[in-house]
Amino acid sequence: NSMAITTGHEFTGGELVTAAKLNTAVTGLSVTATGSTTARSPSDRAAEVANVLDFGADATGTTECSSEVQAAWDSIKTKNGILLFPAGTYKLNTALDFRTDYTPSAPVKHNHSVSGYGATLDFSSISATSGSLIKWGAVSSSQVEESSRYNLEGFQIVGPHTGNPDASSTAA
């Protein structure tokens, strides 16, 4: 009963595996994806995707998680990456700022995806009655981002409710 780690360390059955031992053992570990010829470290692979659950967001819809979602975005906003919302409902009481800092002297082409198949971003209890629920693009109007892309896919956004619609304003 043992598990060999590529670095040569071997854990034997019954050995207490602490986080420190595991971190030491996997230093230098690389992974090659199926069909690929290029090996990369697990940390490099994980850095491309910011899963909001890894930042403490709640997918049950019971706990407000705007700051956790914002922290996930902030971890990838200066590099190309994916903000991932696993299936569930995310209660958000403040607007999200998904803008990027753009420096005209050192332009960066941003390519971000926000993906959430089966996810609902629930802004229904936000107090604002106007303005953006999610801010996109450059931080200031003087920063024009060229060749940047934002791909949004697979989630539902529920906005704030400002009252009950009457029969004449209800969609048929």
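Note that the structure is a prediction, hence the values are computed from the model and not measured. (Residues numbered from 1 in each chain as written. Predicted model: local features only at pLDDT ≥ 70, side-chain atom pairs only at ≥ 80, totals over all residues. Heavy atoms only, no water.)

1. What to know about the nonpolar core
At step 1: Judged by nonpolar contacts, the single largest core of 21 residues is most densely connected at Val 52, Val 69, Leu 83, Phe 85, Tyr 90, Phe 98 and Leu 121.
At step 2: Listing elements by their share of this core, those giving two or more residues are helix 3 (66–76) and strand 10 (111–122).
At step 3: At 4 residues, the largest contribution of residues to this core is made by helix 3.
At step 4: Setting aside residues up to four positions removed in sequence, Tyr 90 forms contacts with Val 52, Leu 53, Ala 57, Asp 58, Ala 59, Cys 65, Phe 85, Ala 119, Thr 120, Leu 121 and Asp 122. (Core = buried A, V, L, I, M, F, W, Y, C linked by side-chain atoms within 4.5 Å. Buried < 20%, exposed > 50% of the residue type's maximum accessible area, 1.4 Å probe, protein only. Helix = DSSP H or I, 4+ residues; strand = E, 2+ residues; numbered from the N terminus. Contact = heavy atoms within 4.5 Å.)

2. Quick look at the confidence of the model for the chain
At step 1: Per-residue confidence for the chain gives a mean pLDDT of 76, with 63% of residues at or over 70.
At step 2: Segment residues 1–8: pLDDT under 50, and 17 contacts once partners within four positions in sequence are set aside and those in other chains are kept.
At step 3: Scored below 50 in pLDDT, residues 164–172 makes 1 contact in the model with residues more than four places away or belonging to other chains. (pLDDT = per-residue confidence, 0-100.)

3. A short note on the packing of aromatic side chains
At step 1: If you walk through the whole model with that rule in mind, you get 3 aromatic pairs.
At step 2: Considering the side-chain rings of Phe 85 and Tyr 90, the 5.2 Å spacing of their centres and the 75° angle between planes classify their relative orientation as edge-to-face. Of the two residues, Phe 85 and Tyr 90, neither departs from the other in class, the shared state being buried.
At step 3: Between Phe 85 and Phe 155 the ring centres are 6.2 Å apart and the planes differ by 45°, which places this aromatic pair in the tilted class. Of this pair, Phe 85 sits in the loop between strand 7 (81–84) and strand 8 (88–91) while Phe 155 sits in strand 12 (residues 149–158), and the two are 70 residues apart along the sequence.
At step 4: Residue Phe 85 is classed as buried on the basis of its relative accessible area of 1%.
At step 5: Taken together, the ring pairs connect Phe 85, Tyr 90 and Phe 155 into an aromatic cluster. (Phe/Tyr/Trp six-rings, centres within 6.5 Å; stacked < 30°, edge-to-face > 60°.)

4. Concerning the pattern of salt bridges
Side chains that differ in charge, positive against negative, can pair when their charged atoms come close.
At step 1: Per the counting criterion, the structure on display carries 1 salt bridge.
At step 2: Between Lys 77 and Asp 74 there is a salt bridge, and its shortest N-O distance comes to 3.9 Å.
At step 3: What makes Asp 74 partly exposed here is its relative accessible area of 36%. (Salt bridge = Lys/Arg side-chain N within 4 Å of Asp/Glu carboxyl O.)

5. Let's talk about the environment of Phe 123
At step 1: Within the fold, Phe 123 resides in the loop between strand 10 and strand 11 (134–135).
At step 2: Since its relative accessible area comes to 0%, Phe 123 is described here as buried.
At step 3: Each C-alpha atom of the pair Phe 123 and Glu 64 lies 9.9 Å from the other, and the pair is 59 residues apart in sequence.

6. Looking at the side chain of Asn 51
At step 1: Locating Asn 51 in the fold gives a position in strand 5 (residues 49–51).
At step 2: Judged by its relative accessible area of 16%, Asn 51 falls in the buried class.
At step 3: Within the local environment of Asn 51, its side chain forms a polar contact with the backbone nitrogen of Leu 53, the two atoms lying 2.9 Å apart.
At step 4: Those residues in contact with Asn 51, other than ones at most four positions away along the chain, are Leu 84 and Pro 86. (Polar contact = N/O pair within 3.5 Å; in protein donor to acceptor, adjacent residues only side chain to side chain.)

7. Concerning the pairing of strand 10
At step 1: Buried residues dominate strand 10, accounting for 9 of its 12 residues.
At step 2: Examined bridge by bridge, strand 7 and strand 10 share 4 bridges and lie parallel to one another. What sits directly across from Ile 82, in strand 10, is Ser 113.
At step 3: In this sheet, strand 10 lies alongside strand 8 in parallel orientation, the contact comprising 4 bridges. Bridge assignment links Gly 88 to a residue of strand 10, and that residue is Ala 119.
At step 4: Direction of pairing for strand 10 relative to strand 12: parallel, over a ladder of 9 bridges. The residue bridging Ser 113 from the neighbouring strand is Asn 151, located in strand 12. (Pairing = 2+ DSSP bridges.)

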